[in-house]
Amino acid sequence: MNDNVTMIRFNNVNKWYGRDHHVLKNLNLEVKQGEVVVVCGPSGSGKSTLIRTINQLEAINDGEIWVDGIQANSTKTNINKLREEVGFVFQHFNLYPHLSVLENITLAPINVKKVPAAQAKQQALELLERVGLLNKKDAYPSNLSGGQQQRVAIARGLAMNPRVMLFDEPTSALDPEMIGEVLAVMKQLAESGMTMMVVTHEMGFAREVADRVIFLDHGEIVEDTMPESFFTSPQTDRAKQFLRQILSPMDQ
Amino acid sequence: MDFSNILPALPSMMDGLWLTLKLTVLSIIGGVVIGTLLALARLSKYKFLAMAAGFYVNYFRSIPLLLVITWFYFMVPFIIGWVTGTNRPVGALTSCLIAFMLFEAAYFCEIVRAGIQSISKGQINAAYALGLNYRQAMQLIVLPQAFRKMMPLLMQQSIILFQDTSLVYAVGLMDFLNTARSRGDIVGQPHEFLLFAGLIYFIISFGASSYVTYLKKRTTV
């Protein structure tokens, strides 16, 4: 890991929905190259909004977001170019239902990066092998389980050779028995040195894979610390309460 | 009733049917293309574009097709002459084609617009997240899915268009109905010829709409 290269930086970022709803409050944040950062927090805390601002699926009202040395929220930036460098995995997969698994993965490389079709296909097959779905290359998304769809979605993101991968609650829409297969792919990806930001409630993943945990509440970063200290000695009452709710939901 | 005179008239009626089908198919193609552009304009974030397209659609949906056909018959040669400076007649077929395309585009627009709006925001976000621009996202992701969903509606509208092409009799085009009518008049048997024409229209329209019903069933299951 290169400790000195900043991959993502938030400088005093603010966002409002409408006039009154202040979703992101003066956020400052830095993610280094190769780091794996888990973002957690209660629902409505702004964590999904936060991760969507990085590739500008959500615009911000104030402040700066820098990705790999490029200011994402500047009107001078070619946002499509920047998005090529930033993979994004959605809660609901959002695979293209009218295309096969292979076509889902090769669409952006061929049309956006102008990679020759044969080369894009070769790379897609390698990625499918990596996520364990080579045998599904000709299947359509509707014939795959949720876990398989999400693994294809990860392969689709990786096909652009991104510098960063963002995950927006990648396992929240999955049946419990499929969560493991997706987390395993993500863990393997983390170990390969990919810079990752993951919004998730999977505390096991946070503990085992993450370098840092960010706890967000009401649009503010309440804690930003090592996973071990976040779980064993949370500093704030809000984090303590959140951990109680998420680790033992029955004992309220 | 004596249908024996229909057989000798068949070749010329086939020419008429050919014209009707040509009008229908070319109007569908032009109407869908213009209608899709109108739909994209109506959904555009640019207010003026959206308003202009909205006005176009509401206007054409509020006036009779027959009026548009007669208008264009007189206007198109005039406009072309005015633009090119030459005085060249374009003929009833060309003016009718333009009239149908522009008129039907208003209806196709509304179908395509509903189709585009039925595609989830997540699909568009996924396209943008991979670096696709607006045109690529529409062309590769949104429109292919939208057209699949709206195929039954597009075909239904096309069947109506097929029947409406008979209005070209107003400007003297010899389409299927007009040919059948005039051939019937010549031999003094208009009823038989009109009944026959009705049968052919019924077979084509009903056949096509049965196919639409089949398509609908297949896509909903």
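Peer 1: I'd like a description of the overall build of chain A, backed by residues and values.
Peer 2: Helix and strand content of chain A: 9 helices and 10 strands. Taken over the C-alpha trace, chain A has a radius of gyration of 18 Å; the compact-globule value for 252 residues is 18 Å, and the two agree within 12%. Here the C-alpha coordinates of chain A stretch approximately 55 × 45 × 40 Å along the principal axes. The proportion of buried residues among the 252 residues of chain A is 54%. Sequence separation of at least 24 residues holds for 66% of the intrachain contacts in chain A that already meet a minimum separation of 6. Entry remark: accessible area of chain A is about 11,200 Å², with carbon and sulfur atoms responsible for 46%.

Peer 1: Now, about the sheet that holds strand E2 (residues 21–32) of chain A: what can you tell me, with residues and values included?
Peer 2: Residues and elements named next belong to chain A. Here 4 strands make up an open sheet; going across it, the order is E2-E1-E4-E5 and the pairing antiparallel. Every other strand in the sheet has two partners, leaving E2 and strand E5 (70–71) as the edge strands with one partner each. When strand E1 (residues 6–17) meets E2, the two strands line up antiparallel, connected through 8 bridges. Within E2, the position partnered with threonine 6 by the bridge is lysine 32. The strands touched by helix H1 (residues 47–54) are E1, E2 and strand E4 (62–67); relative to E1, the strand with the most contacts, the crossing angle is about 120°.

Peer 1: Give a detailed account of the nonpolar core, specifying residues and quantitative values.
Peer 2: If you look at the biggest cluster of nonpolar residues, it comprises 50 residues, and the most contacted ones within it are Ile105, Ile154, Met165, Phe167, Met186 and Met196 of chain A. Setting aside residues no more than four positions away along its own chain, isoleucine 105 of chain A makes contact with Ala124, Leu127, Leu128, Val152, Ala155, Arg156 and Ala159 of chain A.

Peer 1: Explain the sheet that holds strand E9 (residues 212–217) of chain A residue by residue, including any values.
Peer 2: All names here are of chain A. As summarised here, the arrangement of the 6 strands in space is E6-E7-E8-E3-E9-E10, forming an open sheet in which the pairing is mixed. In the strand order of this sheet, the two ends are held by strand E6 (86–89) and strand E10 (220–225), each with one partner. Taken over all neighbouring pairs, the strand axes of this sheet differ in orientation by 15° on average, direction set aside. By the bridge criterion, 4 bridges tie strand E3 (residues 36–40) to E9 in an arrangement that is parallel. Residue valine 38 lies in a different strand from E9, and its bridge partner there is valine 213.

Peer 1: Give a detailed account of the interface of chain B and chain A, specifying residues and quantitative values.
Peer 2: At the interface, 17 residues of chain B touch 22 residues of chain A. For the chain B and chain A pair, buried surface summed over both sides reaches about 1,600 Å², with 62% attributable to carbon and sulfur atoms. Summed over the shared surface of chain B and chain A, the number is 0 salt bridges. Taken together, the connections running from chain B to chain A amount to 6 residue pairs in polar contact (both at pLDDT 80 or more). When residues of the side of chain B that touches chain A are assigned to their parent elements, the largest contribution, 7 residues, is made by helix H5 (residues 121–129) of chain B. Looking at side-chain class alone, the side of chain B that touches chain A contains 9 nonpolar, 7 polar and 1 charged residues.

Procedures and definitions
Residues numbered from 1 in each chain as written. Chains lettered and ligands numbered in written order. Predicted model: local features only at pLDDT ≥ 70, side-chain atom pairs only at ≥ 80, totals over all residues. Heavy atoms only, no water. Helix = DSSP H or I, 4+ residues; strand = E, 2+ residues; numbered from the N terminus. Rg over C-alpha atoms; globule rule 2.2 N^0.38 Å. Buried < 20%, exposed > 50% of the residue type's maximum accessible area, 1.4 Å probe, protein only. Contact = heavy atoms within 4.5 Å. Areas by Shrake-Rupley, 256 points an atom, 1.4 Å probe, with all protein chains shown as cover. Pairing = 2+ DSSP bridges. Axes fitted to C-alpha atoms, helices over the stretch in contact; angles between N-to-C directions. Core = buried A, V, L, I, M, F, W, Y, C linked by side-chain atoms within 4.5 Å. Buried area = accessible area lost by both parts, 1.4 Å probe. Salt bridge = Lys/Arg side-chain N within 4 Å of Asp/Glu carboxyl O. Polar contact = N/O pair within 3.5 Å; in protein donor to acceptor, adjacent residues only side chain to side chain. Nonpolar A, V, L, I, M, F, W, Y, C, P; charged D, E, K, R; others polar.

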